Amino acid sequence: MSNCFIILAAGQSKRFKSNKPKQYILYKNKPIYEHSVDRVLKSGLFKHVILVVNNNLFIRKKYPKNVKIIKGGKERSDSSLIGLKYAKKLNIKNVLIHDSARPNFSIKIVKNILNYLNK
C-alpha cells in the first residue's frame, strides 16, 4: 500500500479571462501546475502522482514513471472521480487531491495529513 497525490489541472479557467487556462500560465518561469508536481515529487511522500488534465498540448515536461497524466472530465467532480478510479488500480492506501492552480501548499501540512490518516 502506498500514498497517491492527485493534481487536478483540467479546469477551463472561465473566470480567469485568458487564452490559456490558469494552471498553464507561467509563474516563476514555469507553468503553475509544474510547481505542484515538482513540490510533491521532491517531498518523496508519494509513490504515485496523477496529473489530471484536459489538454496534453500544454504539458511540456517529461516526468518520471510514477507520474501518470490522464484525461479529466467536464467538471472538477468528474476529474476527481476519474483520478480516484485510476488510483484504485494502484493499490493505494491514502489519496490526497490538490488543485494545480494553488502551487504554494505546505509540505509540512501534507505530512501532518498523512500522519493523521495513518493513525
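Heads up: the structure comes first, above all this text.
Bear in mind the structure is a predicted one, so any value in this text is a computation, not a measurement. (Residues numbered from 1 in each chain as written. Predicted model: local features only at pLDDT ≥ 70, side-chain atom pairs only at ≥ 80, totals over all residues. Heavy atoms only, no water.)

## Details of the packing of aromatic side chains
- Here the structure, examined in full by the defined rule, presents two aromatic pairs.
- By way of ring pairs, the aromatic residues Phe-5, Phe-46 and Phe-105 are connected into one cluster.
- Above the plane of the ring of Phe-105 lies Arg-39, whose end atom (NZ or CZ) is 5.5 Å from the centre. (Phe/Tyr/Trp six-rings, centres within 6.5 Å; stacked < 30°, edge-to-face > 60°. Lys NZ or Arg CZ within 6 Å of the ring centre and 35° of its normal.)

## Considering the pattern of salt bridges
- Using the criterion set out here, one finds three salt bridges in the structure.
- With a closest N to O distance of 2.6 Å, Lys-30 and Asp-38 form a salt bridge.
- Between Arg-102 and Asp-99 there is a salt bridge whose closest N-O contact spans 2.5 Å.
- For Arg-102, a relative accessible area of 48% gives the class partly exposed.
- If you follow the salt bridges from partner to partner, you end up with Arg-76, Asp-99 and Arg-102 in one network. (Salt bridge = Lys/Arg side-chain N within 4 Å of Asp/Glu carboxyl O. Buried < 20%, exposed > 50% of the residue type's maximum accessible area, 1.4 Å probe, protein only.)

## Quick notes on helix α1 (residues 32–43)
- In this model α1 runs 18 Å from its N-terminal to its C-terminal C-alpha over 12 residues, within 8% of the 16 Å that 1.5 Å per residue would give.
- Every buried residue belonging to α1 is among Ile-32, Tyr-33, Glu-34, His-35, Ser-36, Val-37, Asp-38 and Val-40, and all of these are buried.
- Elements that come into contact with the buried residues of α1 comprise β1 (2–9), β2 (26–27), β3 (30–31), β4 (48–53) and β6 (92–99). (Helix = DSSP H or I, 4+ residues; strand = E, 2+ residues; numbered from the N terminus. Expected span 1.5 Å × (residues − 1). Contact = heavy atoms within 4.5 Å.)

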